[in-house]
Amino acid sequence: MLTVLHALQGQLCAAMERAFPEAAQQARAGGRPLDPQLAPASKPEFGDFQANGALPLAKPLGQPPRAIATAIVEQLAADPAFAELCEAPQIAGPGFINLTLRPERLAAEVQARLGDPRLGVPSVAEAGGGGLAPVIVDFSSPNIAKEMHVGHLRSTIIGDSLARVLEFRGHPVLRLNHVGDWGTQFGMLITHLKQVAPEALTTADAVDLGDLVAFYRQAKARFDEDEAFQTTSREEVVKLQSGDPISRKAWQLLCDQSRREFQKIYDRLDIRLSERGESFYNPYLEGVVADLDASGLLVTDDGARCVFLEGVSGKDGKPLPVIVQKSDGGFNYATTDLAAIRYRFGSVPDGDGARRVIYVTDAGQANHFAGVFQVARRAGWIPADGRLEHVPFGLVQGEDGKKLKTRAGDTVRLRDLLDEAVERAEADLQRRLAEEERTEDQAFIQHVATTVGLAAVKYADLSQNRITNYQFSFDRMLALQGNTAPYLLYAVVRIAGIARKGGNLEAGGSEEAGSGAPAPLTFTEPQEWALVRELLKLDGVIAEVEEELLPNRLCTYLFELSQVFNRFYDQVPVLKAEESARSSRLALCRLTADTLRLGLGLLGIPTLERM
RNA sequence: GGGGCUGUAGCUCAGCCGGAUAGAGCGACGGUUUCCUAAACCGUAGGUCGUGGGUUCGAGUCCCGCCAGCCCCGCCA
């Protein structure tokens, strides 16, 4: 419906221009051309669109807003292109102009989508031609020698979904896993392992990952207390970063082991990622500092080299620094992040040539990224048309409203959390099968439980506005009613049921064999029209997610679509309908299923035929 | 001390560029099944949008103050 919206926008602007030429000219001269304030109708009874642009004109024109609206409507009515799209506009309330599309236009839009694998969502690749600049989505980013936990869940799921939406829109997307595989933490770990488990540094898988995690914790504790250990650790970092073969080998083994473990999770969640860890940027760190120095941004303070931020003051009103080289000469995470920005926007042989870079990390890093982004901007590393965006998200909390922990008080491992979701989904399914006296084989039960369990975890996370903290609850996410994955999956299953019971969904608008052109779609019931209007919103929703990077907007849409469909399903017969209505209703079912499958697919959620 | 985010129904949350009577789901209460999976549908009750100002034709939405919660703040990431 975006194309219709654009057409109406143009017609409204032209109508306002004709109705109030002087005001329009003045407005243009003032740099603020008249705006019809066209938007989707806020309520179904207002039609499809509303234009509120008459109201703000009342004061400057010295006329009542309804009179202004009337003048605009008169001009609109004189436009044949408008008359073809819309019924006669209604003026309502203080001066809103309500627009309702002609039924045959709506039916034609549905018809067009039935034959379109993209369901009416345009691709930037078609429009812009080749040579599109890549979009980078930086997400997940676990740390080597640590297990993935719930904290990584949000980044992984949100990042994956955003990448899928951008890919669907036709952007070349680089999904980058900026794993923590460098820096002080490795010095600590290697130093500690040399003393307690030297075999881990020379032999693959000599200790298992759980032990490695424990060793890491011990190393961290020693680092915080023991000065001699700190010194040795720092020396170890220097050895690693300068390429000492023994250190490199140990590092490689540890990374490989962790990587295999991460990959199991990614495979389970069907997430594709290219690993490009912090270590990748090691060769560029000195160049970053040199660049900053050359731009005159660098200041040495307390022995550390830093850039002082503009507009951000810390204690005692002093500007806040971003430290890029520590007093011992080492680099830190800010240096690495700066090197990454420079590389990602850099042109192709020595960079990615990206024009949009998106970081999906927790909101706690907002200050850090704001600082790093400012430095990058001042250093001139971001092209004029480049977009650099931090996509923050809130904490995962338990049902007590505190940070999610196990009963024993430990961090919840992602693996365990996914297991539990699948187990609970299976228990629910078994209970339902027993109640309904259905029998299904083990493969079916496993497949449904796995799909529903993982879908529930993903959807619960994605359906919430990411900026707020998110209260994790198995009971709520697996609930069979409400804004949950099972509710949406069930809508798809219902349509699949219609297909199984004899509804030929693939026949397009027509069921008549041999008849070349499809029979025209005819809709009579309000539930049909409600479904038609809902289906046509898809392209606008996708455009919004692409721009705002809020997957919950897509979730809300899919939930509302499912609700409208369930109402239709409940109140309007499909298979038992008279022939002319039957084929049109089957077409609606098919488009609904396709829309739900596509939308859920963009959330990383596969659908089911039966459940 | 400085900065960021959040505050909407009993609970969990939506609310798009400021727009008409603030919306869902859960929970509560009451209905619907000869019919495509009732994992559904229909209805009722439930609100000082933290609070006080301001901007304007119009504010949950924008601006300022205050209160509460969470998070961050020089050489960890």
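To be clear, the structure that these remarks concern was listed above.
Residues numbered from 1 in each chain as written. Chains lettered and ligands numbered in written order. Predicted model: local features only at pLDDT ≥ 70, side-chain atom pairs only at ≥ 80, totals over all residues. Heavy atoms only, no water.

Chemist: Is there a simple way to think about unusual backbone geometry in this case?
Modeler: What is expected of a backbone is that most residues other than glycine have negative phi and most peptide bonds are trans. Even without being a glycine, glutamine 37 presents a positive backbone phi close to 50 degrees. Following the sequence through the fold, glutamine 37 ends up in the loop between helix H2 (21–29) and strand E1 (38–40). Its identity is not glycine, yet glutamate 437 carries a phi of approximately 55 degrees, on the positive side. When you line up the elements, glutamate 437 lands in the loop between helix H16 (414–436) and helix H17 (442–462). Residue classification places glutamate 437 among the exposed positions, given a relative accessible area of 74%. (Helix = DSSP H or I, 4+ residues; strand = E, 2+ residues; numbered from the N terminus. Buried < 20%, exposed > 50% of the residue type's maximum accessible area, 1.4 Å probe, protein only.)

Chemist: Any chance you could explain the protein's contact with RNA strand B here in plain terms?
Modeler: Around RNA strand B, the structure places 70 residues, and the nearest of them are Glu278, Lys326, Tyr333, Tyr490 and Tyr569. A share of 63% of the atoms of RNA strand B within 4 Å of the protein falls on sugar and phosphate groups. Note that a sugar or linking oxygen of RNA strand B is positioned 3.5 Å from one of the side-chain N or O atoms of asparagine 566. One of the backbone nitrogen or oxygen atoms of tyrosine 569 is found 2.4 Å away from a base nitrogen of RNA strand B. Counting only elements with at least two residues in the surface near RNA strand B, the list comes to strand E4 (96–99), strand E9 (304–313), strand E10 (319–325), H16, helix H19 (485–500), helix H21 (538–548) and helix H22 (551–571). Looking at the surface near RNA strand B, the element that brings in the most residues is H22, giving ten residues. Partitioned by chemical class, the residues of the surface near RNA strand B number 24 nonpolar, 24 polar and 22 charged. (Near = heavy atom within 4 Å. Polar contact = N/O pair within 3.5 Å; in protein donor to acceptor, adjacent residues only side chain to side chain. Nonpolar A, V, L, I, M, F, W, Y, C, P; charged D, E, K, R; others polar.)

Chemist: Sorry if this is basic, but what is going on with helix H14 (residues 333–345) here?
Modeler: The periodicity of an α-helix, 3.6 residues per turn, causes residues three or four places apart in sequence to face the same way. In this model, H14 (13 residues) spans 18 Å end to end at C-alpha, consistent with the 18 Å of a helix rising 1.5 Å per residue. Burial runs high along H14: eleven of the 13 residues are buried. Here H14 starts with a cap whose side-chain oxygen sits 3.2 Å from the backbone nitrogen of alanine 334, and that cap is asparagine 332. (Expected span 1.5 Å × (residues − 1).)

Chemist: What is the right way to read the sheet that holds E10 from this model?
Modeler: In a beta sheet, neighbouring strands are held together by backbone hydrogen bonds and run either parallel or antiparallel to one another. Spatially, three strands are ordered E8-E9-E10 in an open sheet, and the strand pairing comes out antiparallel. On the outer flanks of this sheet lie strand E8 (298–301) and E10, each paired with one strand and no other. Direction aside, neighbouring strands of the sheet carry axes that sit 50 degrees apart on average. In the sheet, E8 pairs with E9 via four bridges, with the strands oriented antiparallel. Bridged to leucine 298 within E9 is valine 307. In the packing of helix H15 (residues 366–378) onto the sheet, the strands contacted are E9 and E10, and the crossing angle to E9 comes to about 100 degrees. (Pairing = 2+ DSSP bridges. Axes fitted to C-alpha atoms, helices over the stretch in contact; angles between N-to-C directions. Contact = heavy atoms within 4.5 Å.)

Chemist: I keep staring at the pattern of salt bridges and nothing clicks. Help me out?
Modeler: Pairing between side chains of opposite charge can happen when the charged atoms of each approach one another. Here the structure, examined in full by the defined rule, presents 48 salt bridges. Arginine 533 is paired through a salt bridge with aspartate 48; the nearest N and O atoms lie 2.4 Å apart. Pair noted here: arginine 533 is in helix H20 (residues 526–535) and aspartate 48 is in the loop between E1 and strand E2 (49–51), with a separation of 485 residues, a long-range link. Across the salt bridge formed by arginine 355 and aspartate 385, the nearest N and O atoms sit 3.2 Å from each other. Pair noted here: arginine 355 is in the loop between H14 and strand E11 (356–362) and aspartate 385 is in the loop between H15 and strand E12 (387–393), with a separation of 30 residues, a long-range link. When its relative accessible area of 30% is taken as the criterion, arginine 355 is described as partly exposed. Through salt bridges with shared partners, a single ionic network connects Glu147, Glu261, Lys264, Arg413, Arg415 and Asp416. (Salt bridge = Lys/Arg side-chain N within 4 Å of Asp/Glu carboxyl O.)

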